[in-house]
Amino acid sequence: MNILILGSGGRECAFAWKFAQSEKIEKLLIAPGNAGTAKIGENILLNVNDFEAIKNVVLKNNIQMVVVGPEDPLVNGVHDFFLNDNSLKHIPVIGPQKYAAQLEGSKEFAKEFMIRHEIPTAKYESFTKETLENGFKFLEKLEPPYVLKADGLAAGKGVLILNDLKDAKNELEEMLANEKFGEASTKVVIEEFLDGIEMSSFVLTDGDNYVILPNAKDYKRIGEGDKGLNTGGMGAISPVPFADEILLEKIEERVIKPTIDGLKKDGIPYVGFIFIGLIMVENEPLVIEYNVRMGDPETEVVIPRIKSDFVELLNATANRKLGEFNLKIDNRSATTVMLVSGGYPENYEKGKEIFGIEDVEDSVVFQAGTSIANDKIVTNGGRVLAVTSYGDNFHEALKLSYKNIGKIKFDKMNYRSDIGFDL
Ligand code: AMP
Ligand code: GLY
């Protein structure tokens, strides 16, 4: 089978790695990919939001399935583009259509969906420039900390958590009146703060049935002890040690089933991954967000724990046969540690040569922000490499990742040495 993966991060590298293990793969293209995916399949240079360019690649290479990594093209309607084109509409796209992608693309849409289907989530109200004064009044009624969320996509930066009422009011005004996040903050959701421990569930649905993929916990802050700025993710662990059977059953009954049923009740077709960000408050799961894709770096621990053939799994998804699919999961733990460019998530330099990847033993290196220059692998982004290992428990797996990280070097390389510290 000929498959095209859209995206260029560690997530897409993990997809490519998993696909490459299938005997059913004939041609594997990654667009635009990175230096790691170039070794697994063939990279095609294009912009994932240039649908005409994607069409050309798909037709020229007789692509039989497209797997969408990031949210952007989904929110922009890449799946709809395929359905509306006579030469593409028979080709399955793994990833929801534009309407359903609002579950990630609009915080308000997601909140309304959760309320409609009685899915537990934080109380909220949403405001616009016109209702700014009401927003101030709503903040006055809440206890600190205050949670402000830009409605639209803001590259992971749209959520602000503020301890001080005055700061919260200022930020609300910045977002609504001064368009702090541009178009994304023309509407702002203000939410009750939830105090608890976070984890994520991953679901793959064919629109009718679903399978639950391994769960994971990621570490978003740049600094050790969960201090400092938010990043895309500095490491992840799967499975989440505190997620026992009782909790997992609650998550399935109260969150996953009502989500899938809710989509059906609302008549919203959905084929693809759903990444559900959860927060446990006194052992009760509440949803903090939906993403309409896999997480990064969560994918780098979730995918390695899937034993089933990935082509078969996604074919079953495309053909509405997930109900009959027997998903096999590796019982071992998997952990990943992200190696990032010094300065990330703020300014950082690119083009630094990376040494030592070939010396890594018993871990898998998923490349993220890398490219090839003069036949050398160089840094090309903030998050550069994800070093994933297996172990009988996450401590063992982490030990192996850190041991192998000792062999990798690039100028100003940074990483967190405390992944899993809170567990
Ligand atoms: P999001 O972009 O929705 O994932 O939010 C980013 C992060 O903000 C989450 O991973 C949580 O750590 C935090 N967060 C979001 N909503 C809340 C909330 N209602 N209460 C506490 N923390 C939250
Ligand atoms: N690691 C968080 C995300 O992918 O959104």
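Below you will find a few notes about this structure. (Residues numbered from 1 in each chain as written. Chains lettered and ligands numbered in written order. Predicted model: local features only at pLDDT ≥ 70, side-chain atom pairs only at ≥ 80, totals over all residues. Heavy atoms only, no water.)

### Section: the pattern of salt bridges
In total, this model carries 29 salt bridges according to the counting rule given. Between Arg116 and Asp266 there is a salt bridge, with its nearest N and O atoms 2.8 Å apart. Here the residue Arg116 occupies a position in helix α7 (residues 107-116), and Asp266 occupies one in the loop between α10 (245-265) and β15 (272-281), the gap between them amounting to 150 residues. On the accessibility criterion, Arg116 (44% relative accessible area) is partly exposed. Classification of Asp266 as partly exposed rests on a relative accessible area of 28%. Its salt-bridge partner being Arg416, residue Asp226 comes within 3.0 Å of it at the nearest N-O pair. Taken together, the residues span a long stretch of sequence, with Asp226 in the loop between β12 (221-223) and β13 (227-230) and Arg416 in the segment after β22 (413-414) at a distance of 190 residues. Residue class for Arg416 comes out buried when judged on its relative accessible area of 1%. (Salt bridge = Lys/Arg side-chain N within 4 Å of Asp/Glu carboxyl O. Helix = DSSP H or I, 4+ residues; strand = E, 2+ residues; numbered from the N terminus. Buried < 20%, exposed > 50% of the residue type's maximum accessible area, 1.4 Å probe, protein only.)

### Side note on the nonpolar core
Counting 49 residues, the largest nonpolar core has Leu4, Val66, Phe82 and Tyr290 as its most contacted members. Element by element, the count of residues in this core is highest for α10, at 6 residues. Once you skip the residues sitting within four places of it in the chain, Val66 turns out to touch Leu4, Leu6, Val58, Phe82, Ile91, Pro92, Val93 and Ile94. (Core = buried A, V, L, I, M, F, W, Y, C linked by side-chain atoms within 4.5 Å. Contact = heavy atoms within 4.5 Å.)

### Concerning the packing of aromatic side chains
This model, assessed by the stated rule, comprises 13 aromatic pairs. Aromatic pair Tyr402 and Tyr415: ring centres 6.1 Å apart, planes at 35 degrees, arrangement tilted. Here Tyr402 is found in helix α13 (residues 394-405), whereas its partner Tyr415 is found in the segment after β22, with 13 residues between them in sequence. The rings of Phe15, Phe19, Phe273 and Phe310 are connected pair by pair, giving a single aromatic cluster. Positioned over the ring face of Tyr219 is Lys217, at 4.5 Å from the centre of the ring. (Phe/Tyr/Trp six-rings, centres within 6.5 Å; stacked < 30°, edge-to-face > 60°. Lys NZ or Arg CZ within 6 Å of the ring centre and 35° of its normal.)

### As for the site of ligand 2
The environment of ligand 2 is made up of Asp218, Gly232, Phe275, Arg293, Gly295, Asp296, Pro297 and Glu298. A distance of 3.0 Å is found between a nitrogen atom of ligand 2 and a backbone nitrogen or oxygen belonging to Gly232. Between Asp296 and ligand 2, the recorded distance is 2.9 Å, taken from a backbone N or O atom to an oxygen atom. Of the residues belonging to the shell around ligand 2, the class tally is 2 nonpolar, 2 polar and 4 charged. (Near = heavy atom within 4 Å. Polar contact = N/O pair within 3.5 Å; in protein donor to acceptor, adjacent residues only side chain to side chain. Nonpolar A, V, L, I, M, F, W, Y, C, P; charged D, E, K, R; others polar.)

### Digging into the site of ligand 1
Looking at ligand 1, there are 13 residues lining it, with Lys149, Glu191, Leu194, Glu198 and Glu289 nearest. Within the contact set of ligand 1, an oxygen atom lies 3.0 Å away from a side-chain nitrogen or oxygen of Lys220. One of the side-chain N or O atoms of Glu289 is found 2.6 Å from an oxygen atom in ligand 1. Expressed as a share of its isolated accessible area of 470 Å², the protein-covered part of ligand 1 is 89%. (Areas by Shrake-Rupley, 256 points an atom, 1.4 Å probe, with all protein chains shown as cover.)

### Considering the side chain of Arg416
At a separation of 3.2 Å, a polar atom in the side chain of Arg416 contacts the main-chain carbonyl oxygen of Gly223. A polar contact is formed between the side chain of Arg416 and the side chain of Asp226, at a distance of 3.0 Å. Excluding residues that lie within four positions of it along the chain, Arg416 makes contacts with Tyr219, Arg221, Ile222, Gly223, Glu224, Gly225, Asp226, Met234, Val337, Tyr402 and Phe421.

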